[in-house]
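Understanding the architecture of this molecule
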Amino acid sequence: MVFKRISEWRKLPVGLSELCIDTTLRCGQSFRWQKINDEWVCTLHGRILSLKQDSTHLHYKVTWPEQSVKGSPTAQKLTPKAEDDTQALLHHYFSLDLDLASLYEQWSSVDPNFRKKAPTFTGVRMLNQDAWEALIAFICSSNNNITRISQMARNGVESNLRELGFGYRAKYIAETARIVAKEKPSNWLETLRNPDNPGFGSQLTPDARVCTYKEAHEELLALKGVGPKVADCVCLMGLGWGESVPVDTHVWQIAQRDYKFGKKAKTFNKAMYDAVGDHFRDLWGKYAGWAHSVLFTADLKAFSDRSVVKEETHGVSIKEELIETNGIVLPKKRRLVETKTVTVKPEPGVEETKLPTEGEGDAKRRRTRSRGRA
DNA sequence: CCCTACCCTCTACG
DNA sequence: ACGTAGAGGGTAG
């Protein structure tokens with residue numbers, strides 16, 4: 001395939017606390033971005049986008065196909081003046097209207113745990129992704145990991161999905177595609193979108209029935225391979241519902257560890273699923289899903305080299321010895337250990353914050369080697 | 001409501 | 001080194 005019309009680098013004024021692409025593009029939201037040398041690269045709305053970032057700006061470059069791709073919904077946009085929409089596309093994709101620093105402040109003011117974790121994970125935004133892409137990607141995410149999902153996302157979607165390594169999810173995708181195409185009204189998926197957060201370039205149809213988050217979530221459950229967690233991923237990342245909180249096993253662990261969930265009830269059923277999401281919506285508000293992503297990212301193994309300890313703890317040392325935390329002896333292993341802990345001032349009326357070195361999170365702070373393809 | 005099979009890949013461990 | 005058990009960002013039946 002021949003590509004032409006490569007633009008010069010352009011830039012948007014965006015600070016790192018408003019957006020950090022190195023974190024946002026690899027924290028399990030989109031599985032198609034690839035870091036090639038110093039640039040993040042992905043196809044989006046019929047063009048190839050390259051991104052890089054410095055402390056003050058997001059830099060972007062566009063590569064257009066030589067001619068329209070037939071059948072592409074964006075093909076008609078490849079008119080000479082259409083290139084100008086790339087800035088608007090980025091603005092929409094990253095929801096740059098939202099003041100993320102203010103949101104972090106707000107979440108920190110109501111949540112000591114967030115205040116502790118967030119400083120080393122600033123600039124984490126939800127991506128405004130295509131709904132269909134999010135649907136298929138997160139069906140693939142069941143019982144899976146980021147590395148493998150990324151491999152799947154790069155494959156073509158055909159009847160031999162199974163041979164391509166999709167496993168049992170191949171049936172889900174085929175079934176879901178059939179249901180959406182034949183059993184649902186045309187444009188059904190888009191009607192589930194948050195009306196306050198329209199899709200990129202979409203026209204608002206005046207007669208469209210307004211949908212709520214709960215309704216959208218419920219509707220998605222009718223698809224094959226879509227349970228509550230996948231439905232919430234699609235709501236949050238593909239349909240613009242900022243209050244959607246996908247509760248996977250990892251978020252469930254966070255809820256138990258840091259938010260006193262599951263002390264009595266050990267079982268995790270649908271009622272508990274809803275309870276966890278409702279709790280975070282109650283705590284964090286309208287953009288609870290965004291706040292959840294910050295804590296989720298903070299617990300990802302891929303980011304385990306970042307300390308949860310504040311900046312003044314500049315010294316880290318490599319120690320080789322048995323480390324015991326809360327009675328759990330971890331295997332002898334080379335690991336990063338903070339040389340000093342920071343005393344966190346207890347907040348009035350709030351449970352005291354654990355000292356960093358005695359948190360259960362130490363077990364996850366193990367340094368991970370790079371995974372995936374070489 | 002609870003249990004298990006489902007596909008495949010990577011990792012830890014012997 | 002090499003093989004194998006186990007887990008990994010759920011869902012359907």
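The structure displayed is predicted, hence computed values, not measured ones.

1. Overview of the overall build of chain A
- Check the secondary structure of chain A and you find 14 helices and 10 strands.
- Residue pairs at least 24 apart in sequence account for 68% of intrachain contacts in chain A once pairs closer than 6 positions are excluded.
- Accessible surface, chain A as shown: approximately 19,900 Å² in total, 52% of it carbon and sulfur.

2. Observations regarding unusual backbone geometry
- Phi is positive for His 45, close to 50°, though the residue is something other than glycine.
- One can find His 45 in the loop between strand 4 (39-44) and strand 5 (47-53).
- Its relative accessible area of 30% is what places His 45 among the partly exposed residues.

3. Things to note about helix 14 (residues 288-298)
- The buried fraction of helix 14 amounts to 11 of the 11 residues, a majority that puts the element mostly inside the structure.
- Among all positions in helix 14, only Ala 288, Gly 289, Trp 290, Ala 291, His 292, Ser 293, Val 294, Leu 295, Phe 296, Thr 297 and Ala 298 are buried.
- Buried-residue contacts for helix 14 involve helix 1 (21-24), helix 3 (100-110), helix 4 (112-117), helix 11 (228-238), helix 12 (249-258) and helix 13 (270-284).

4. Thoughts on the state of the cysteines
- Within this structure, the stated rule accounts for 0 disulfides.
- No disulfide involves Cys 27; its sulfur sits 9.6 Å from the nearest other cysteine sulfur, which is in Cys 20.
- The exposure class assigned to Cys 27 is buried, which follows from its relative accessible area of 2%.
- Not part of a disulfide, Cys 233 finds its nearest cysteine sulfur in Cys 235, a span of 9.4 Å.

5. What about the confidence of the model for chain A?
- Confidence along chain A averages 76 in pLDDT terms, with 72% of residues attaining 70 or more.
- Per-element confidence in chain A ranges from a low mean pLDDT of 26 for strand 9 (residues 328-330) to a high of 98 for helix 3.
- Confidence drops under a pLDDT of 50 for residues 309-374, and excluding neighbours within four residues, the segment shows 89 contacts in the predicted structure.

6. Considerations on the pattern of salt bridges
- As enumerated under the stated definition, the model contains 13 salt bridges in all.
- Note that Glu 190 is salt-bridged to Arg 193, the shortest N-O span being 2.8 Å.
- Two residues, Arg 281 and Asp 278, come together in a salt bridge whose shortest N-O distance is 3.0 Å. Remark: Asp 278 and Arg 281 occur in helix 13; sequence separation between them is 3 residues, near one turn of the helix.
- Note on Asp 278: relative accessible area 37%, which makes it partly exposed.

7. Some details on the packing of helix 5 (residues 131-140) against helix 8 (residues 169-183)
- Following both chains from N to C, one finds helix 5 and helix 8 inclined at 150°, their axes separated by 9 Å at the closest point. By the criterion of interaxial angle, the relationship of helix 5 to helix 8 is roughly antiparallel. Considering the relative orientation of helix 5 and helix 8, their crossing is right-handed. For the pair helix 5 and helix 8, the contacting residues are Trp 132, Leu 135, Ile 136, Ile 139 and Cys 140 in the first and Arg 169, Tyr 172, Ile 173, Thr 176, Ala 177 and Val 180 in the second.
- Here the residues of the contact of helix 5 with helix 8 are counted per class, giving 9 nonpolar, 1 polar and 1 charged.

8. Here's the deal with the packing of aromatic side chains
- Taken as a whole and assessed by the stated rule, the structure comprises 15 aromatic pairs.
- Seen in terms of ring centroids, Phe 280 and Trp 284 are 4.4 Å apart; in terms of plane orientation they differ by 5°. Their pairing is stacked. Pair noted here: Phe 280 and Trp 284 are both in helix 13, with a separation of 4 residues, about one helical turn.
- Accessibility expressed as a relative area gives 2% for Phe 280, which makes it buried.
- A connected cluster of aromatic rings, assembled from ring pairs, spans Trp 33, Tyr 93 and Phe 94.
- Seen from the ring of Trp 9, Lys 52 lies directly overhead, with NZ or CZ sitting 4.3 Å from the centre.
- Positioned above the aromatic ring of Tyr 168, the side-chain terminus of Arg 169 is 4.4 Å from the ring centre.

9. What to know about the protein's contact with DNA strand C
- Taken together, 22 residues sit near DNA strand C, with Ile 146, Tyr 168, Gly 227, Val 230 and Phe 296 positioned nearest.
- When atoms of DNA strand C within 4 Å of the protein are split into backbone and base, the sugar-phosphate part holds 57%.
- At a separation of 2.9 Å, a phosphate oxygen of DNA strand C approaches a polar backbone atom of Gly 227.
- Between Lys 229 and DNA strand C, the recorded distance is 3.4 Å, taken from a backbone N or O atom to a phosphate oxygen.
- Broken down by element, the residue count for the surface near DNA strand C peaks at 3 residues, all from helix 11.

The rules behind the values
Residues numbered from 1 in each chain as written. Chains lettered and ligands numbered in written order. Predicted model: local features only at pLDDT ≥ 70, side-chain atom pairs only at ≥ 80, totals over all residues. Heavy atoms only, no water. Helix = DSSP H or I, 4+ residues; strand = E, 2+ residues; numbered from the N terminus. Contact = heavy atoms within 4.5 Å. Areas by Shrake-Rupley, 256 points an atom, 1.4 Å probe, with all protein chains shown as cover. Buried < 20%, exposed > 50% of the residue type's maximum accessible area, 1.4 Å probe, protein only. Disulfide = S-S within 2.5 Å. pLDDT = per-residue confidence, 0-100. Salt bridge = Lys/Arg side-chain N within 4 Å of Asp/Glu carboxyl O. Axes fitted to C-alpha atoms, helices over the stretch in contact; angles between N-to-C directions. Parallel < 35°, antiparallel > 145°, perpendicular 65-115°, else oblique. Left-handed = near helix turned anticlockwise from the far one by under 90°. Nonpolar A, V, L, I, M, F, W, Y, C, P; charged D, E, K, R; others polar. Phe/Tyr/Trp six-rings, centres within 6.5 Å; stacked < 30°, edge-to-face > 60°. Lys NZ or Arg CZ within 6 Å of the ring centre and 35° of its normal. Near = heavy atom within 4 Å. Polar contact = N/O pair within 3.5 Å; in protein donor to acceptor, adjacent residues only side chain to side chain.

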